[in-house]
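# Descriptive analysis of the structure
Single-letter residue listing:
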Amino acid sequence: MKVALVGATGMVGEVMLNVLRERNFPLTELLLVASERSVGKKMTYNGKEHTVIGLADAVAAKPDLAIFSAGGDTSLEWAPKFAEVGTTVVDNSSAWRMDPTKKLIVPEINAHELTKEDKIIANPNCSTIQLVMVLAPLHKKYKMKRVVVSTYQSVSGTGVKAVQQLENEIAGVKGEMAYPYPISRNALPHCDVFMDNGYTKEEMKLSREPQKIFNDRTFSLTATAVRIPTAGGHSESVNVEFYNDADVSEVRQVLSQTAGVVVQDNPDTNTYPMPIYAHNKDDVFVGRIRRDESQANTLNMWIVADNLRKGAATNAVQIAEYLNNNKLL
């Protein structure tokens, strides 16, 4: 199988390579693809040196699969060109997520919807993925009515420039700013750009994407997204109102039996999810599961995941694995 990785030199691209290697993805030829300024750069995968190529050369090579992590504009321009030559594209940007003609996939939830005709497949937002991994089994059992989520998102979600800003500020070094304010010793209620309705683009992704993934608009979701000075891992405070009563111990049991979800929930031993524990792991961690005592049929919980792994690279590779295992490539 010939696989192109578009955006190979970026932060998520490097994690994608690690995940492909760790999961022994069955590729026979790997094309590392990036923007013109990175063409010619040497990179190593599985002990073999590869030379980074440009997008036009990658399309001409007609790979079986192209995994994109190169930004929305690149995806909008180039994903259709790959699709035209028969390549199946798994895109990690926001470009195609809400396109009604494209599927938005978290493999554990809705990979069964995929067919050979799906040539551009969207990978959800990192915060959405960890949220729906926990909500999916609960929605199935108790039926959600309304979700309120507040995120505490790592600077790695912005990219390498933001990680460098945090490191510079901790070290007391003046440098390039990814954010309009300092991030060290701070919290910015400002993830992505502000929209006309006063929400940020990140908050609107969180509000809309779960309904599409579940193919269900009978529940509503509202979000506040905050950037905090952690180097990796996103956290979410989630309040969920159900139509049916949910017993806390039963909820823990349901989640503990959900593939890809790990319950860490014991206040007696200070056991709860934290980004430091989620680092470099593919699971989604949930804890602080408790009743909302102000309202019936409502729970509070805390969800944490590595945003570069399950929130991006791992989910994309899992989509690719499903396509390959089900002969859809």
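Residues numbered from 1 in each chain as written. Predicted model: local features only at pLDDT ≥ 70, side-chain atom pairs only at ≥ 80, totals over all residues. Heavy atoms only, no water.

### Thoughts on the pairing of strand β5 (residues 65–68)
What counts, and what does not: Burial classes follow relative accessibility: with a 1.4 Å probe on protein chains only, a residue under 20% of its type's maximum area counts as buried, one over 50% as exposed, and anything between as partly exposed. Each helix is a run of DSSP H or I of at least 4 residues and each strand a run of E of at least 2, with the numbering of both proceeding from the N terminus. Paired strands are those between which DSSP finds at least two bridges. The handedness rule is simple: strands pointing away from the viewer, and a clockwise path from the first strand over the helix to the second, make the crossover right-handed.
Residues Leu-65 and Ile-67 line one face of β5 and the alternating positions Ala-66 and Phe-68 line the opposite face, and both faces are buried. Sheet topology note: the strand β1 (residues 2–6)/β5 ladder contains four bridges and is parallel. Residue pairing for β5: Ala-4 is matched across the bridge by Ala-66. Here β5 pairs with strand β6 (residues 88–91) via four bridges, running parallel. The partner of Ile-67 across the bridge, within β6, is Val-90. As a crossover connection, the stretch from β5 through helix α3 (residues 72–84) into β6 is right-handed.

### Some words on helix α6 (residues 160–171)
For an α-helix the count is 3.6 residues per turn, leaving residues at separations of three or four pointing the same way. We apply this condition: A helix's residues, less one, multiplied by 1.5 Å, set its expected span. Contacts are assigned to residue pairs with any non-hydrogen atoms lying within 4.5 Å of each other.
The terminal C-alpha atoms of α6 lie 16 Å apart, and with 12 residues this matches the ideal 16 Å at 1.5 Å per residue to within 8%. Buried residues along α6 sit in contact with α1 (11–22).

### Some points on the sheet that holds strand β10 (residues 220–227)
Note the following rule: Think of each axis as a best-fit line through the C-alpha atoms, taken over the contacting stretch in the case of a helix, with angles from 0 to 180 degrees between the N-to-C directions.
In space, the six strands of this open sheet follow the order β10-β9-β11-β14-β13-β12, with mixed pairing throughout. Edge positions in the sheet fall to β10 and β12 (261–263), since each has one partner strand and no second. Taken pair by pair, the neighbouring strands of this sheet meet at an average axis angle of 20°, ignoring direction.

### A word on unusual backbone geometry
Its identity as a non-glycine residue notwithstanding, Lys-62 has a phi of 50°, on the positive side. Residue placement: Lys-62 occurs in the loop between α2 (55–60) and β5. At Lys-143, a position not held by glycine, the phi torsion is positive, near 65°. Within the secondary structure, Lys-143 is located in the loop between α5 (126–142) and β9 (144–153).

### With respect to the packing of α5 against helix α7 (residues 201–214)
The cut-off we apply is this: Between 65 and 115 degrees an angle is taken as roughly perpendicular, under 35 as roughly parallel, over 145 as roughly antiparallel, and anywhere else as oblique. Throughout, a crossing is termed right-handed when the near helix is turned clockwise from the far one, and left-handed when it is turned anticlockwise from it by less than a right angle. When residues are grouped by polarity, Ala, Val, Leu, Ile, Met, Phe, Trp, Tyr, Cys and Pro land in nonpolar, Asp, Glu, Lys and Arg in charged, and all others, Gly among them, in polar.
Close contact between α5 and α7 brings their axes to 10 Å; oriented N to C, the two are set at 40°. With respect to α7, the element α5 is oriented oblique. Seen along the crossing, α5 lies across α7 with a hand that is right-handed. Residues Ser-127, Thr-128, Leu-131, Val-132, Leu-135, Ala-136 and His-139 of α5 lie in contact with α7, whose contacting residues are Glu-202, Lys-205, Leu-206, Glu-209, Pro-210, Ile-213 and Phe-214. Residues of the contact of α5 with α7, tallied by class, amount to eight nonpolar, three polar and three charged.

### Some details on the side chain of Thr-314
In this fold, Thr-314 is placed in helix α10 (residues 309–325). Judged by relative accessible area, Thr-314 falls into the buried class, the value being 0%. Residues within four places of Thr-314 in sequence aside, it is in contact with Val-19, Arg-23, Asp-282, Leu-308 and Arg-309.

### Section: the nonpolar core
Rules: By nonpolar core we mean a set of buried residues, namely Ala, Val, Leu, Ile, Met, Phe, Trp, Tyr and Cys, connected to one another through side-chain atoms within 4.5 Å.
With 54 residues, the main nonpolar core has Phe-82, Val-134, Leu-138, Phe-214, Val-238 and Met-301 as its most contacted residues. Per-element tally for this core: the top contributor is α5, with nine residues. Each residue touching Phe-82, except ones within four places of it in the same chain, is listed here: Ala-4, Val-6, Leu-55, Ala-58, Val-59, Pro-63, Ala-66, Phe-68, Thr-87 and Val-89. Formed by 34 residues, the second largest nonpolar core is a distinct cluster that contains Leu-5, Ile-67, Ile-121 and Leu-328.

### Thoughts on the sheet that holds β5
Pairing in this open sheet of six strands is parallel, and the strands run β2-β1-β5-β6-β8-β7 from one edge to the other. Because the sheet does not close on itself, it has two edges, and the strands there are β2 (29–33) and β7 (103–104). As defined by bridge partners, β1 adjoins β2 across five bridges and the pair is classed as parallel. For Val-3, the partnering residue across the bridge sits in β2 and is Leu-30. Here α3 sits on the sheet and contacts β1, β5, β6 and β8 (120–122); the angle it forms with β5, its principal contact strand, is near 175°.

### Brief notes about the side chain of Ser-38
Residue position: Ser-38 is located in the loop between β2 and β3 (42–45). Classification of Ser-38 by relative accessible area gives buried; the value is 15%. When neighbours within four sequence positions are excluded, Ser-38 is seen to be in contact with Thr-9 and Val-52.

### Focus: the state of the cysteines
The following threshold applies: Here, two cysteine sulfur atoms that lie within 2.5 Å of each other are counted as a disulfide.
Applying the stated criterion to the full structure yields zero disulfides. Free of any disulfide, Cys-126 has its nearest neighbouring cysteine sulfur in Cys-191, separated by 8.9 Å. In this structure Cys-126 comes out as buried when scored by relative accessible area, which is 15%. The exposure class of Cys-191 is buried, given its relative accessible area of 0%.

### Description of the packing of aromatic side chains
In plain terms, the rule: Only the six-membered ring of Trp is used, alongside the rings of Phe and Tyr, when aromatic pairs are assigned; centres must lie within 6.5 Å, and planes under 30 degrees apart are stacked while those over 60 apart are edge-to-face, with the rest tilted. For a Lys NZ or an Arg CZ to count as sitting over a ring, it must be within 6 Å of the ring centre and within 35 degrees of the ring normal.
Across all of its chains, the model carries four aromatic pairs by this definition. Centre to centre, the rings of Tyr-152 and Trp-302 are 5.3 Å apart; their planes meet at 55°, and the pair counts as tilted. Here Trp-302 lies in strand β14 (residues 298–305) and Tyr-152 lies in strand β9, a separation of 150 residues in the sequence. When the ring centre of Trp-78 is taken as reference, the NZ or CZ atom of Lys-81 above it lies at 4.1 Å.

What is shown is where atoms sit, not what they do.
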